[in-house]
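# Results of the structural survey
So the chains spell out like this:
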Amino acid sequence: MKNEHGHYFEESIEALASRLIQFEATSAERVNQSADYCCDWLRSHGLGVDVYVNQGLKSVVATVGEGESTLILNGHLDVVPGQPELFAPRTADGRLYGRGSYDMLGAVASMMVLMAELVKNPPDCKVILALVPDEETGGELGSGFLVRQGILGDLVICGEPTNFKIGVHAKGILQLKVDVKGKAAHGSRPWLGKNAILKAMEHYQSIVSMDVFQESTTYFKQPSINLAKIQAGKVYNQVPDFCSMGIDIRYLPGQNPDEIMDQIRALLPDAEIKVEFQGRPVETKSDDRFVRKLCEVATQLAGDQVILFGQDGSADTRFYAAKGVPAVEFGPVGANHHGPDEYVDIHSLYVYKDILKELTKNSKTKGE
Ligand SMILES: [Zn+2]
């Protein structure tokens, strides 16, 4: 039986996405198996493919077409862990259920099928498909590496789950370890000591109250601060003399992480503060001509649900943004990514492919 798009299941986008889900790509070994499969699939459909191996992880880069502009389609093959049944994909009510269906193997399958179609119907620009292995764990070894190899373009679309909204901005990341010292005393006489946990709580509150964390932008109401870890205290009858906090700050595009750190250090002169991880924000211009074209084409094919927005979380877009390449998150319709009932709407996978295809046509990619 053919689906509504005229495909038999075996050759459909949903079949390819189902196959990718089955790899259970939660480890280096399995994500590499998925990468090998994609590489073979793309080559068997006539595409030129390069495989990059970085610290044991494979990234697959396929290219088709030529022209003055380059469109990069970026998809991650890795998924977050889940119950075993999530890796046995199933379709029901026009949806494909399974871990990674929405984030983002459905989008990857749409991109792969599009690349195969572009071999037969060449695009008016160069299209690069970059399938990467480690977005869920930071992206340094996949997209970070490919960007450092100079694989750049005029627009990058990361197929993250966005329900056809276009994520032009994303918050930056500052993850801090804040160590606070106190003074130990017997727990029955706390007034003789200095409780490091209480002092750490005061420090946390003063960080949260900083002016910089009350600011907003067009796309964001404010930055966010999550007190993610706390390590302190050993026994009941002792005033704790040490407390270590792990604080995850997501700052706004336009804010300066160095200035934020200077302010925090000035506010807490007696604490020891270490930046454990940081990631750049994304601030793609909404009037960039390629972004405008994407918006136009997507609205034509997907309707009013297409709007520009700011993403709270971080994605591989940030590696491209750091090089000045306009990068957006844009993906099909679904729900519950990273959760138990993750699914992607199958029809939206076809609409998604058609939007990307339209974008590779001259009249759409060159601006007016
Ligand atoms: Zn994702």
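Residues numbered from 1 in each chain as written. Predicted model: local features only at pLDDT ≥ 70, side-chain atom pairs only at ≥ 80, totals over all residues. Heavy atoms only, no water.

### A look at helix α6 (residues 257-267)
Convention followed: For the exposure calls, accessible area comes from a 1.4 Å probe over protein chains only, and a residue counts as buried if that area is under 20% of its type's maximum, exposed if over 50%, partly exposed in between. A helix here means a DSSP run of H or I that spans at least four residues, while a strand means a run of E at least two residues long, and both kinds are numbered starting from the N terminus. By arc we mean the arc of the directions from the helix axis to the C-beta atoms, nothing more. Throughout this description, a polar contact denotes any pair of N or O atoms lying within 3.5 Å of each other; where both atoms belong to protein, one of them has to be capable of donating a hydrogen while the other can accept it, and for residues adjacent in sequence the pair is counted only when both atoms sit in side chains.
Residues P257, I260, M261 and I264 constitute the buried set of α6. Buried residues of α6, seen end-on, are gathered within an arc of 95° and therefore sit on one face of the element. Turned more than 90 degrees from where α6 packs its buried face, D258, D262 and A266 sit exposed. With a side-chain oxygen positioned 2.8 Å from the backbone nitrogen of D258, the residue opening α6 is N256.

### With respect to the coordination of the zinc ion
Filter applied, for reference: Only nitrogen, oxygen and sulfur atoms within 2.8 Å of the metal, or 3.2 Å for Na, K and Ca, are treated as donors, and water is left out, so sites may look incomplete.
For the zinc ion, the full set of protein donor atoms is H76 (NE2), D103 (OD) and E160 (OE), and the range of their distances to it is 1.9 to 2.1 Å. As a motif over one chain, the donors of the zinc ion read H-x26-D-x56-E. Remark: E160 occurs in the loop between β7 (155-158) and β8 (166-170) and D103 occurs in helix α3 (residues 101-120); sequence separation between them is 57 residues. Taking the relative accessible area as the measure of exposure, D103 reaches 5% and is therefore buried.

### Looking at the sheet that holds strand β11 (residues 242-251)
Quick note on the threshold: Pairing between strands is defined by DSSP: at least two bridges between them are needed. Angles shown run from 0 to 180 degrees and are taken between the N-to-C directions of axes, each axis being a line fitted to C-alpha atoms and, for helices, limited to the stretch in contact. What makes two residues a contact is simply this: any of their non-hydrogen atoms within 4.5 Å.
One open sheet accounts for 4 strands, arranged β10-β11-β9-β12; its pairing is antiparallel. Looking at which strands have only one partner, the edges of the open sheet turn out to be β10 (224-232) and β12 (272-279). On average, each strand axis in the sheet is inclined to that of its neighbour by 15°, with strand direction left out of account. Both β10 and β11 contribute to a ladder of 8 bridges, which runs antiparallel. What sits directly across from I230, in β11, is M245. Packed on one face of the sheet, helix α5 (residues 196-208) meets β9 (172-181), β10 and β11 and runs near 15° to β11.

### Comments concerning the domain arrangement of the protein chain
As a reminder of what qualifies: Each domain's extent was defined by an automatic or database domain assignment. The buried area of a pairing is the accessible area, by a 1.4 Å probe, that goes missing from both parts when the two are put together, added over both. The salt bridge criterion pairs a side-chain nitrogen of Lys or Arg with a carboxyl oxygen of Asp or Glu, the two atoms within 4 Å.
The domains assigned to the protein chain are domain 1 (9-170 + 281-365) and domain 2 (172-279). A C-alpha centroid distance of 36 Å is found between domain 1 and domain 2. At the junction of the two partners, domain 1 supplies 15 residues and domain 2 supplies 10 residues. Between domain 1 and domain 2, roughly 950 Å² of surface is buried when both sides are summed, and carbon and sulfur atoms account for 66% of that area. Counting the surface domain 1 buries against domain 2, the share from its top three residues, H169, P281 and R318, is 43%. Between the two partners, domain 1 and domain 2, sit 0 salt bridges. Linking domain 1 with domain 2 are 0 residue pairs in polar contact (both at pLDDT 80 or more), by the criterion used here. Within the residue set of the side of domain 1 that touches domain 2, elements represented by two or more residues are β8, β13 (282-283) and β14 (308-311).

### Considering the environment of D345
In this structure, D345 sits in strand β17 (residues 343-345). Taking relative accessible area as the criterion, D345 reaches 25% and is therefore assigned partly exposed. In this structure the C-alpha to C-alpha distance between D345 and S101, which are 244 residues apart in sequence, comes to 9.1 Å. Excluding its chain neighbours within four sequence positions, the residues that come into contact with D345 are G94, V333 and G334.

### Here's the deal with the packing of aromatic side chains
The condition that has to hold: Pairing of aromatic rings covers Phe, Tyr and Trp, the last counted by its six-membered ring, and requires centre-to-centre distances within 6.5 Å; plane angles under 30 degrees mean stacked, over 60 mean edge-to-face, and any other angle means tilted. By definition here, charges over rings are those cases where NZ of Lys or CZ of Arg is within 6 Å of the ring centre and within 35 degrees of the ring normal.
If you walk through the whole model with that rule in mind, you get 5 aromatic pairs. Between Y52 and F145, the ring centres sit 6.3 Å apart and the planes meet at 70°, which makes this aromatic pair edge-to-face. Linking Y52 in strand β1 (residues 48-54) with F145 in helix α4 (residues 140-148), this pair joins segments that are 93 residues apart in sequence. Looking at F145, the relative accessible area reads 16%, which means it is buried. With a centroid separation of 5.4 Å and 50° between ring planes, the pair formed by Y97 and Y343 is classed as tilted. With Y97 in strand β5 (residues 95-97) and Y343 in strand β17, this pair connects stretches of sequence that are 246 residues apart. Residue Y97 shares its accessibility class with Y343, and that shared class is buried. Its guanidinium or amino end placed over the ring of Y37, R19 lies 5.2 Å from that ring's centre, counting from NZ or CZ. When the ring centre of Y343 is taken as reference, the NZ or CZ atom of R95 above it lies at 3.9 Å.

### Topic: the layout of surface pockets
This is how it is decided: Buriedness of a pocket was judged along seven lines, with at least five required to meet protein on both sides within 12 Å; pockets are open sets of points on a 1 Å grid over the protein atoms alone, cavities are sets where a 1.4 Å probe fits but cannot get out, and lining residues have an atom within 4 Å of a point. Grid points are joined across faces, edges and corners, and a volume is the space filled by probe spheres set on the points.
The volume enclosed by the largest pocket comes to roughly 350 Å³. Surrounding the largest pocket, 18 residues form its lining, E135, E136, S314, A315 and H338 being those nearest its centre. Structurally, the lining of the largest pocket is a two-domain feature, drawing no fewer than three residues from each of domain 1 (9-170 + 281-365) and domain 2 (172-279). What the second largest pocket holds in volume is close to 260 Å³.

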